[in-house]
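# Results of the structural survey
Here is what each chain is made of, one letter per residue.
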Amino acid sequence: MSDTLLKVRDLKIGATVYPPGEKPRDIEIVHGVSFDLAPGKVLGLIGESGAGKSTIGLASMAYGRGGVKITGGEVWVNGRDILKSKLGDIRRLRGGEVTYVSQSAAASFNPAKKIMDQVVEAAVEQKKFSRKEAEARARALFAKLGLPDPDNIGDRYPHQVSGGQLQRCMTALALCPEPDLVVFDEPTTALDVTTQIDVLMAIKEAIRDTGVAALYITHDLAVVAQVSDDIMVLKMGNTVEYGPVDQIINNPQEEYTQALVSVRSIEHEEKSPTEEPVLSVRNITARYKGTQFDVLHNVNVDLYPGQTLAVVGESGSGKSTLARVITGLLPPREGEIEFAGRVLSPDLKGRTREDLRELQMIYQMADVAMNPRQTVGTIIGRPLEFYFGLRGAEKRKRIIELLDEIELGEKFIDRYPAELSGGQKQRVCIARALAAKPKMIICDEVTSALDPLVADGILQLLLELQKIEDVAYLFITHDLATVRAISDNIAVMYQGKVQRYGGKSQVLSPPFDDYTDLLLNSVPEMRLGWLEEVIANRKMESAGN
Amino acid sequence: MKNIPISALVGLFFTALYFLGAIFAPLLAPYGVGEIVGDVWEPSSADYLLGTDNIGRDLLSRMIYGGRTTIFIASAATVLSFTLGSVLGFFAAVMGGWVDQMLSRFVDLAMSIPTLIFALVVLSVAPVTIPMLIIVMGLLDSTRVYRLARAVAVDIEVMDFVEAARLRGEKTAWIIFREILPNALSPLIAEMGLRFIFAVLFVSTLSFLGLGVQPPEADWGGIVKENKEGIVYGIPAALIPAFAIATLAISVNLVADWVLNRTTSLKGGRG
């Protein structure tokens, strides 16, 4: 055995793209990446979407997803160049020497088979263990990963465990055949922050105890700082910086890495409440049609003109339901909503055009919030036409003004959504909301689907626009860093109730209730040793357990 | 329009040929549709390229005029069924609730009766004219289109951009024609090709059974019926319309396939 387990040299990966109306052509998406990984070490691959990090991860199993082809370079695993191996040898490699943990465990498990069958499958298939040995090993791994009832959890089906538990089951699956290398592809990205901590800790301990080496792929530098020994920063298929974790976090050399480390540096002075709130949510209790379970219990919050109220909570806390009640999509069972001095009809149908105009919404997924068959000009122009009756040159002038406000400019007017990047799409959605000249905009997780640097730009734009247009935001998010950056008031929601409510400084300073404490402490911080500290100081179990 | 695959080119060529033949039938046909020009079942010759039929009419002329009738009825019925079926399907998906229930259950009921028998019953009481044929075929076929349109629209209807249009206060007509229709077009167009072929087969079947286009008007199914006895004597006159129906079916499908591939590969880009 050499002292390097995985040796990647000058790896080049290409793909074929099919631009509409043009001939298909080959492009290179990874341009010569090299790194080494010693047994038992963890290398973090970090970068924004499109950086090629997942592609590199899969290449270490000699695999290219979709139309992706490995076009050059060498990948040595245990002293063999696997890119030159025959298919049979690669089959023994995958699931034997190298295993993989994907981002969405829910989409990766077969819903029709029991968890245990799937966890032991690779180990038995590779003849590493007998079925019995593999099951015993799986149970030991379940226990090590902190899953409840490790002896019997394997008899359940994937839908019978929570998302965080399933992600840990997948880690057990990957570790079961005693691999030398595990590729973790964004294993905690889809989880709530408090659950993320548990999974991270479980992964970290499992790596330490089994002595396996790992590639840890993520876009979140704070997360990777907790589990890695080395970090490689990637951008557009190139290595930006590669070094020990301590150096990357505390002393980054490259400008791009410095930007990643210092992201979320927006400062926002808290504004104090003015007399009249623009929106008052009073004693709202709501449930979905046909269910016997209240998703919101007696919610009371106020939003003041030109200010931002952040509604924070994890999935299932009822924060998006609150948005649906305010917009009239879900009439509440009890309570009322006062907006701009008048009581709104609980139902969308009963609202006047003026009500609708003054209350706009921006969605999490800009992709599906815009009609893919309409141009940017049509998308932004429609509210102008609909609410203000603008036509022709007048409308076009106003569309261009709005495009300038969102820093895109006139050349975007004839583009289709598919021709825009994620951040640009979200900007167009913001322009569409602004076009109605609203008093208030509901922002539902508007930055969650974006890369950190792009998200930062969007938040800055929103704050800028708030100053100019004097619009109020109801900002729904699970991300506390975002909340710190932009809010004036904060409502922390937990299981359909407002757990804590008040000005930003008040909500974010002690004494905390247990849930807020858990939530605040779960936000990954960009320093070494943070993870262990948090786990040691916890007062409350996370909701994932 | 670059990079048209060879199969689509073949399909386009033959489809265009048939449609042009239908449009310019009076200019192309050497003889009149009911004109008796020769003996019974003459073999093909320089005068009668495809020979003559069971009472001595020129078969080529009857094929061209027959194609005109068949294609016209099938096209009109397809247009009717798509207009009706897709508008109602979208409407049901957008409104939901009892509107959707009523329409969908009614369509289920209509679909539970075999189409051919339904059509035969209706046409045996109603006057068999071309407009009547189009209406009956269009209405019966619209149930299939309704189901597809509703299924496609239900998926689109839950997208955020439709919700955004609702929150803006848009009317149902805007949501159907501006938000849903452009996004449902590609599966509908592919289905349209298929439905057109079914309509061709359907009208031919009806004519063959004597409840479709009435003599002396010609249509492909009718020509098969008139000449079917000839097969016993080795006369191929009945096979020619069958061949025409088959080639038209294949070429329209090749075109529909290509349209489907082209529009779906755009992944939500321009249509």
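Because the structure is a prediction, the values reported are computed rather than measured.

Rules and cut-offs
- Residues numbered from 1 in each chain as written.
- Chains lettered and ligands numbered in written order.
- Predicted model: local features only at pLDDT ≥ 70, side-chain atom pairs only at ≥ 80, totals over all residues.
- Helix = DSSP H or I, 4+ residues; strand = E, 2+ residues; numbered from the N terminus.
- Rg over C-alpha atoms; globule rule 2.2 N^0.38 Å.
- Buried ≥ 20, exposed ≤ 12 C-beta atoms within 10 Å, placed from the backbone.
- Contact = placed C-beta atoms within 7 Å.
- Axes fitted to C-alpha atoms, helices over the stretch in contact; angles between N-to-C directions.
- Left-handed = near helix turned anticlockwise from the far one by under 90°.
- Nonpolar A, V, L, I, M, F, W, Y, C, P; charged D, E, K, R; others polar.
- Expected span 1.5 Å × (residues − 1).
- Bend = angle between axes of the 7 residues up to and from the residue.
- Pairing = 2+ DSSP bridges.
- Core = buried A, V, L, I, M, F, W, Y, C linked by C-beta atoms within 7 Å.
- pLDDT = per-residue confidence, 0-100.
- Parallel < 35°, antiparallel > 145°, perpendicular 65-115°, else oblique.

Along its length, chain A carries 21 helices and 20 strands. For 545 residues, the compact-globule estimate of 2.2 N^0.38 gives 24 Å, and the C-alpha radius of gyration of chain A, at 25 Å, lies within 12% of that figure. Its C-alpha atoms give chain A principal-axis dimensions of roughly 75 × 55 × 45 Å. Counting across all 545 residues of chain A, residues that qualify as buried make up 46%. Here the contacts in chain A between residues at least 6 apart in sequence split such that 69% fall between residues at least 24 apart.

From N to C terminus, chain B includes ten helices and zero strands. Tracing chain B from N to C terminus, the helices and strands come up as α-α-α-α-α-α-α-α-α-α. Viewed in the frame of its principal axes, chain B has a C-alpha envelope of about 75 × 50 × 30 Å. Burial statistics for chain B: of 271 residues in total, 40% are counted as buried. In chain B, 68% of the contacts between residues at least 6 apart in sequence involve partners at least 24 apart.

The next thing to look at is the packing of helix α8 (residues 172-208) of chain B against helix α9 (residues 220-227) of chain B. Residues and elements named next belong to chain B. Packing of α8 against α9 leaves a shortest axis separation of 7 Å and a crossing angle of 35 degrees. Judged by the twist between their axes, the crossing of α8 over α9 is right-handed. Where α8 abuts α9, its residues Val 203, Ser 204, Thr 205, Leu 206, Ser 207 and Phe 208 lie against Trp 220, Gly 221, Gly 222, Val 224 and Lys 225. Here the contact of α8 with α9 is composed, by residue class, of five nonpolar, five polar and one charged.

Right, let's get into helix α6 (residues 163-175) of chain A. Residue and element names in this part refer to chain A. In a regular helix each residue adds 1.5 Å, so 13 residues correspond to 18 Å; α6 covers 19 Å between its end C-alpha atoms and thus fits that length. Of all the 13 residues making up α6, twelve are buried; the element is thus mostly covered by neighbouring parts of the structure. Residues Gly 164, Gln 165, Leu 166, Gln 167, Arg 168, Cys 169, Met 170, Thr 171, Ala 172, Leu 173, Ala 174 and Leu 175 constitute the buried set of α6. The elements touched by buried residues of α6 are β6 (98-101), α3 (105-108), α4 (115-125), α5 (131-144), β7 (181-185) and α7 (193-210).

With that settled, consider the environment of Leu450(A). Residue and element names in this part refer to chain A. Structurally, Leu 450 can be placed in the loop between β17 (440-444) and α17 (452-469). Spatially, the C-alpha atom of Leu 450 lies 6.7 Å from that of Gly 422, the residues being 28 residues apart in sequence. Once you skip the residues sitting within four places of it in the chain, Leu 450 turns out to touch Gly 422, Gly 423, Gln 426, Ala 455 and Ile 458.

All names here are of chain B. End to end, α8 covers just 44 Å across 37 residues, shorter than the expected 54 Å (1.5 Å per residue, more than 12% under). Helix geometry: α8 is bent most strongly at Leu 181, by close to 60 degrees, with proline Pro 182 lying one to four residues after it. Following α8 by one or two positions, Gly 210 has its phi on the positive side, about 90 degrees.

Moving on, we get to the sheet that holds strand β4 (residues 68-77) of chain A. Residues and elements named next belong to chain A. Spatial strand order, β2-β1-β4-β5: four strands in an open sheet with antiparallel pairing. This sheet does not close on itself; its edge strands, each paired only once, are β2 (25-37) and β5 (80-81). Where β4 lies against β5, two bridges are found, and the strand directions are antiparallel. In the strand pairing of β5, Trp 76 is matched with Asp 81.

A word on the nonpolar core. Membership of the largest hydrophobic core comes to 140 residues, with the highest contact counts inside it found for Val311(A) and Leu474(A). Of all the elements, helix α3 (residues 59-95) of chain B adds the most residues to this core, at 15 residues. Setting aside residues no more than four positions away along its own chain, Leu474(A) makes contact with Leu303(A), Leu309(A), Val311(A), Met440(A), Ile442(A) and Cys443(A). If you look at the next biggest cluster of nonpolar residues, it comprises 83 residues, including Val119(A), Leu181(A), Leu221(A) and Leu234(A).

Residue and element names in this part refer to chain A. Here the residue pair Pro 510 and Pro 511 is connected by a cis peptide bond, since its omega of 0 degrees sits within 30 degrees of zero. Following the sequence through the fold, Pro 511 ends up in the loop between α19 (504-507) and α20 (514-522). Phi angles above zero are rare outside glycine, and Asn 283 is one such case at about 50 degrees. Position of Asn 283 among the secondary structure elements: in strand β11 (residues 279-287). C-beta crowding within 10 Å serves as the criterion here: with 12 such atoms nearby, Asn 283 is assigned to the exposed category. The phi dihedral of Glu 445 is positive, around 50 degrees, even though this residue is not glycine. With respect to the helices and strands, Glu 445 occurs in the loop between β17 and α17.

In this section: the sheet that holds β6(A). All names here are of chain A. On the basis of which strands lie adjacent, the open sheet formed by six strands has the order β6-β7-β8-β3-β9-β10 and mixed pairing. Whereas interior strands pair on both sides, the edge strands pair on one side only; in this sheet they are β6 and β10 (238-244). On average, each strand axis in the sheet is tilted by 15 degrees relative to the strand beside it, whichever way the strands run. Bridge count between strand β9 (residues 230-235) and β10: six bridges; the pairing is antiparallel. Looking at β10, one finds that Val 233 is bridged to Glu 241. Taken strand by strand, α6 contacts β6 and β7, and its axis lies near 175 degrees from that of β6.

What follows concerns the pairing of β6(A). Residues and elements named next belong to chain A. The alternating pattern of β6 places Val 98 and Tyr 100 and Thr 99 and Val 101 on opposite faces, both of which are buried. Two strands pair when backbone bridges link them, and β6 and β7 are joined in this way by four bridges, in the parallel orientation. The residue bridging Thr 99 from the neighbouring strand is Val 182, located in β7.

So, on to the environment of Gly306(A). All names here are of chain A. Here Gly 306 shows up in the loop between β12 (294-303) and β13 (308-312). In this structure the C-alpha to C-alpha distance between Gly 306 and Ile 284, which are 22 residues apart in sequence, comes to 23 Å. Sequence-distant contacts of Gly 306, that is, excluding residues within four places in its chain, are made with Gln 466, Asp 470, Val 471 and Ala 472.

Further remarks concern the confidence of the model for chain B. Residue and element names in this part refer to chain B. Mean pLDDT over chain B stands at 87; residues scoring 70 or higher make up 96%. For chain B, the element scoring lowest by mean pLDDT is helix α2 (residues 25-28), at 84; helix α4 (residues 97-111) scores highest, at 93. Across residues 266-271, confidence stays below pLDDT 50; counting only partners more than four residues off in sequence or on other chains, it has 13 contacts. Per the prediction output, this complex has pTM 0.79; the corresponding ipTM is 0.77.

Turning to the packing of α4(B) against helix α6 (residues 130-157) of chain B, a few remarks are in order. All names here are of chain B. Relative to each other, α4 and α6 sit at 135 degrees, their axes nearing to 10 Å. By the criterion of interaxial angle, the relationship of α4 to α6 is oblique. Helix-helix and strand crossings are classified by hand; for α4 and α6 the assignment is left-handed. Along the contact surface, α4 presents Val 107, Ala 110 and Met 111, while α6 presents Thr 143, Tyr 146 and Arg 147. In the contact of α4 with α6, the residues fall into four nonpolar, one polar and one charged.

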